[in-house]
Structure formats: C-alpha cells, structure tokens
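Overview (structure and organization)
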Amino acid sequence: MSESFKIILFLCNWGPHVAYQTLQDRNADIPPEIKMVRIPCSGRITKALLFKPFEMGADGVLLLGCNAGACRYGTGSAAAEENTADTSRIMELIGLGQERLQLGTFLPDEADALLAFLQSFAARIRQMGKSPITRPALPAATGAAATASPEAIVAAHDVYACQDCGKCTSACSLALAGKPFSPRFVASEIIAGRTDTAEVRAAVNSCLTCGVCYERCPSAINFPEFIKEMRIYYHHREVAGTPAHGGFFQSMMRAMTAEPLAPQRWRQLPDTIRTRPQSTVLFFGGCAPYFDIFFNKFLGVRTHRILEDSLRLLNFFDVEPALLENERCCGHDLLWSGDRDNFLRLAQLNAQAIEASGAEELITACPECCYTLETEYARHGVTLPVKVTHMHTFLEREIGKGAVAFKPLETKTTFQDACRQSRFSGKAALPRKLLAPLVAGDPRILVDADAPSICCGNSAWTGCDAYSKAMQVQRLEKARQSGSETMITACPKCQIHLRCAMEDLIRGDALKMDLVDLTSVIAKSIYWE
C-alpha cells in the first residue's frame, strides 16, 4: 500500500542531512514513500520548486532545513519559512490543501526527532489519500502529432507576405529598449527553415506578444498569433523556453486541469459584498489572489482589491453576481507559453462550470481573462453559453444611463494600457472614455495618455529579462517626467511588473508613484446624483 504514495523530501545539506544520514546508518524505519532530494540550503527551494512535485504527481512534499540562527547561508531558514507558507496558502486556494506540504528544521543530533517527524507526515499523507492532481495522457486530437509544422504555421499566418521593410522592428518595444530582437528576423529565419536553432527559439520566447508590430505591418501579418503557434510547436518538442518565476504559474495552471481538484476561490470576500448563487450575471475573478500571495512579500501587490472593487461596482448598480467557488484559471498563460493541450483541458472544465451556473452574462475585470474567454475559447472550439463582458464595458453601459457623478481626481495621472484590451480587442478608447468624467476635461490632470502605451514588459510570464525591465523603467520615467503622481492601470500584471521595476535600488524614489486600477478608481469616486 505504501509504495503507491509519493513523498518528495528536499533535504538541506547541513544540519538535517547529518541527522538523516544517522537514520540511514542505523537502518531506521524511514517511510518507503519518501524520496530524498539533497539540496544545498532549504532557502534555495523556491515556491516553484515546492509546487512542481505536486504537478508531477507527488502526494506530499517535505522541506527540511536548519533551525533559525543555524543556517550556514544566513537567511536560508527565513526564506524557507516564507516560501513554504506562501505555497501552502496557494495550495489551499486551488483545493489541494495545506497539509500536504510541511517545513521541518533539525539540528545534526536530532535524528530521533527527525524520524518521528517523517513517520508522522507519511502517516498523515496515507490517511489523506492520493493527491487529486493527476497527469492525464495527451489526447490524440491535441497531441504532438496534431501540431502544425513550421511551414504550415508560416502559410496559415501568411508570413510569406513579409516585405522585409523593418517597420515591425523599428516599432518593437523590446528592440527600442536595446535588445537584439527583430520580428522580421524571426520570420525570415523560420521561412528559411532554421526553426530549430537556439537563436530563433530564444527570439520566439522573448516576444512580448503585445501587438505593436501587427499594428505597423503593411502586410497585416499577425505576428503575435504566429509566435503563439510557434511556441506550441516548440512546447510539443520539449524545447520551449523557461517561464519567469520558475514556471510557478504555468505549473499551478496545469495542476488545475485535474478534474477532482476543488478550488476554494472566494472564501475571503468582505461581508459587505452581496452575491447571489442563482444570478444571471456571473463574475469571473482570474488569478489575482494567487498573484497577491506570490508577490506580496517583496512587492506588496494587492490585485485582489480589483476584484473586490469590481464586485462593489456591480452591487452599486444593483447587480448581485454569482461566483464560481471552484473557479479555475482561464488558461491564458498556458496558451501563450505554448501549452495548448492543458489550456484546452482548463477551457473545457471552465465551460462546464460556467454552463452549470445558469448565468447569461459573464463579467470579468481582467483583460486577459476577457480576451481568452471571449475569443480564444471560441477559436479553439470551446463554446461558452454566456455573453462575455469586460468590466469597463459594463461600466460604460451603466454610467451611460445617467444619474451618477464622480469625485474628480486630485493629482496628475497617466494611464497604462492593457495590451489584450487596447491592441487585441481594439478598445483603447474605452478606458479613456471612463476616465473623462473623473478629470472633467482638464488636460492638466490626465497626461501622457493620448495613444496606447507600451507593454509593461511581459506576457504569460515569459521573456522577463533586463530588457523588459528597461522598458518598465522607461515607462515609469516618462510618467514621472510628465508630472504624474499616479498611474492608473487596466491589468493586474501591469501593476506587478511596474511595481517590480520600482524596486530599482539605483534609481530609488525616482521611479516611485502610486499604482491603482481603473476599476478601483471608479469604485472610490462614483456616487448617485
């Protein structure tokens, strides 16, 4: 029975390793489920590494480190404690539970205590049963055999029509930030059959997929879609790029494709927010709660506030939405990093849950969720029985009925576009229309906001490097030079990436400014006349 369980033990090379070695020398009764992985320090095991075994089918994970104050690297014990606590909280949200992950600290002479700890944890895992996360086999319809060849991808997106004019490269934000990146280089190399060179693969995975090149292309080549298909091609050949943050979010999303998993998504909403299970309006939240846990220790991210303010605005207009307690990620990041198979699994599970809700309209505040649910699901043959609406569209509709007013903004402000809303959905004017009543037409309040702004420097947690960081710094510097004290965003990832850039130790306060989502700005300022 015990052999059917799998427990991964990350074992620090210092104090606990000596204790573990003592147990091995004594031929102690170490539970056979435990598979030991020796590591230099418990603090080196990131959230991504803690979660990865669960995606791979583990039933439990142990991290053993040194006692506080005994760490040979100084901060390893504190880092291990933070990473374990954060990962446990995310595991609770997605329905895996916190009890399957545990941190232990031991000195070299605590072999007996370590053995009791290992036996107790193994017994607990046996009592809990197998993990609900499984790794399904690839369905034939979406497996590697069904992946288009580079030649077919080039033909499907009419990349042969490239005029080699260079307008894409001259407009590319990455190229302007100094990175040796060129969309036309990628196109020409793949056309020439050099698809599998390391240079081309790196370029494909570096693309921001922001859509500026598509806007400028005289041949109307949809380069982001071309890049997406090429990433799928690479992913099926297991040569895809490594996502940022160790691939934590992709790993978490793949885990969410396990049907038995029961996420507990909406347990911490304020009591003042009104919802109704049988409502015809369904609110889809997205990944903000996971972002907040993952990044809060060093960025202070509060993207969950966007969801709360969205729900408050729905209530303000007498809408009591339904919520999916078992809501899963929409799959945007999986698809755009090349994992189409697991994207489709998530899409099918979401479609089933949305249909079971009985809702007629789905509202989301996330531009990536909106674009994915509205466009990508249909493109990939997944039908949703609801009208998909972005929160901005809902607000435009309700505010247009009149009888509302706004407290005006008091500080100079600039607006940061969301790529999936502005360029992909063609709605760059919509957030600016919502902002207009808040600035009362005063150009001194809303500055630097005439055209869609550059990408925040990342998409689907791919391509994060010094050049994307340079883009973020350029964006913040431009906003500060315009006199802005606040930047209003439309995407939770923009807040995360720009907050990260503000941590620049050299520039310090020169990049600091308030970041707030447009939905939150409206929720704070709107009132009935």
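Here, the structure is the one placed above.
Residues numbered from 1 in each chain as written. Predicted model: local features only at pLDDT ≥ 70, side-chain atom pairs only at ≥ 80, totals over all residues. Heavy atoms only, no water.

**What about the pairing of strand β12 (residues 514-517)?**
Look at any regular strand and the pattern is simple: side chains alternate between the two faces of the sheet. Burial of β12 is one-sided: the residues Leu515 and Asp517 facing one way are buried, the residues Asp514 and Val516 facing the other way are not. Across 4 bridges, the pairing between strand β11 (residues 486-489) and β12 is parallel. Of the residues in β12, the one forming a bridge with Met487 is Leu515. In the classification by handedness, the crossover that spans β11, the intervening helix α22 (residues 492-501) and the parallel β12 is right-handed. (Buried < 20%, exposed > 50% of the residue type's maximum accessible area, 1.4 Å probe, protein only. Helix = DSSP H or I, 4+ residues; strand = E, 2+ residues; numbered from the N terminus. Pairing = 2+ DSSP bridges. Right-handed = clockwise from strand over helix to strand, strands pointing away.)

**A few points about the sheet that holds β12**
Strand order in the open sheet formed by 3 strands is β10-β11-β12, and the pairing between neighbours is parallel. Both edges of this open sheet fall to β10 (413-416) and β12, since each of them pairs with a single strand only. This sheet shows a mean twist of 30° between the axes of neighbouring strands, independent of strand direction. Alignment of β10 against β11, held across 4 bridges, turns out to be parallel. Within β11, the position partnered with Thr414 by the bridge is Met487. Against the sheet, α22 touches β10, β11 and β12, its axis set at about 170° to β12. (Axes fitted to C-alpha atoms, helices over the stretch in contact; angles between N-to-C directions. Contact = heavy atoms within 4.5 Å.)

**Examining the packing of aromatic side chains**
A full pass over the atoms with the stated rule returns 23 aromatic pairs. Here the aromatic rings of Phe51 and Phe54 are separated by 6.2 Å at their centres, their planes lie at 50°, and the arrangement is tilted. Residue Phe51 and its partner Phe54 are both found in helix α2 (residues 47-55); the two are separated by 3 residues, about one turn of the helix. Comparing Phe51 with Phe54, the two get one shared label, buried. Taken together, the ring pairs in this structure connect Phe51, Phe54, Phe248, Phe249, Phe291, Phe294, Phe295, Phe298 and Trp461 into an aromatic cluster. (Phe/Tyr/Trp six-rings, centres within 6.5 Å; stacked < 30°, edge-to-face > 60°.)

**With respect to the pattern of salt bridges**
Here the idea is simple: oppositely charged side chains can pair when their charged atoms come close. For the structure shown, the criterion picks out 33 salt bridges. Here Glu325 ties to Arg267 by a salt bridge, and the two come within 3.2 Å at their closest N and O atoms. Of the two residues, Glu325 is situated in the loop between β6 (322-323) and α15 (332-336) and Arg267 in the loop between α12 (248-255) and β5 (281-284); the sequence distance between them amounts to 58 residues. For Arg267, a relative accessible area of 56% corresponds to the exposed category. Here Asp333 ties to Lys493 by a salt bridge, and the two come within 2.5 Å at their closest N and O atoms. One end of the pair, Asp333, is in helix α15; the other, Lys493, is in helix α22, and 160 residues separate them in sequence. (Salt bridge = Lys/Arg side-chain N within 4 Å of Asp/Glu carboxyl O.)

**Considering the packing of α2 against α12**
Remark: α2 packs on α12, axes separated minimally by 9 Å, with the N-to-C direction vectors making an angle of 25°. The angle between α2 and α12 places the two elements in the roughly parallel class. The handedness of the crossing between α2 and α12 is left-handed. Residues Lys47, Ala48, Phe51, Lys52 and Glu55 of α2 lie in contact with α12, whose contacting residues are Phe248, Ser251, Met252, Arg254 and Ala255. (Parallel < 35°, antiparallel > 145°, perpendicular 65-115°, else oblique. Left-handed = near helix turned anticlockwise from the far one by under 90°.)

**Points about the state of the cysteines**
Using the criterion set out here, one finds 0 disulfides in the structure. You can see Cys172 has no disulfide; the closest cysteine sulfur is in Cys210, sitting 6.5 Å from it. When its relative accessible area of 11% is taken as the criterion, Cys172 is described as buried. The thiol of Cys217 is unpaired, and the distance to the nearest cysteine sulfur, on Cys165, comes to 6.4 Å. (Disulfide = S-S within 2.5 Å.)

**As for helix α16 (residues 340-357)**
Residues that lie three or four places apart on an α-helix share one face, since the helix turns once every 3.6 residues. Relative to the 26 Å expected for 18 residues at 1.5 Å per residue, α16 spans 25 Å between its end C-alpha atoms, a close match to the ideal helical length. After α16 finishes, the residue Gly358 shows a positive phi value of roughly 75°. (Expected span 1.5 Å × (residues − 1).)

**With respect to the side chain of Ser468**
Counting through the fold element by element, Ser468 comes out in helix α21 (residues 466-481). A polar atom in the side chain of Ser468 sits 2.9 Å from the backbone oxygen of Asp465. Not counting the four nearest positions on each side in its chain, Ser468 is found in contact with Leu174, Gly457 and Gly463. (Polar contact = N/O pair within 3.5 Å; in protein donor to acceptor, adjacent residues only side chain to side chain.)

**Overview of the nonpolar core**
One broad trend across soluble globular proteins is that nonpolar side chains are buried collectively. Counting residues in hydrophobic clusters, the biggest one holds 69 residues, and the most contacted among them are Phe51, Ile94, Phe249, Met252, Phe295 and Leu373. Top contributing element to this core by residue count: α16, with 7 residues. If we skip the residues at most four places from it in the chain, Met252 touches Phe51, Ile90, Ile94 and Tyr290. Grouped together as the second largest cluster of nonpolar side chains are 36 residues, Phe317, Leu435, Cys456 and Ala490 included. (Core = buried A, V, L, I, M, F, W, Y, C linked by side-chain atoms within 4.5 Å.)

**Overview of the environment of Ala470**
Summarising the element assignment, Ala470 is placed in helix α21. Spatially, the C-alpha atom of Ala470 lies 30 Å from that of Glu410, the residues being 60 residues apart in sequence.

**Some words on the packing of helix α18 (residues 391-399) against helix α20 (residues 429-439)**
Here α18 crosses α20 at 45°, and the two axes come no closer than 10 Å. Comparing the axis directions of α18 and α20 gives the class oblique. The interaxial crossing formed by α18 with α20 has left-handed handedness. Of α20, the residues touching α18 (which contributes His392, Thr393, Leu395, Glu396 and Ile399) are Leu430, Pro431, Lys433 and Leu434. Class assignment of the residues belonging to the contact of α18 with α20 gives a composition of 5 nonpolar, 2 polar and 2 charged. (Nonpolar A, V, L, I, M, F, W, Y, C, P; charged D, E, K, R; others polar.)

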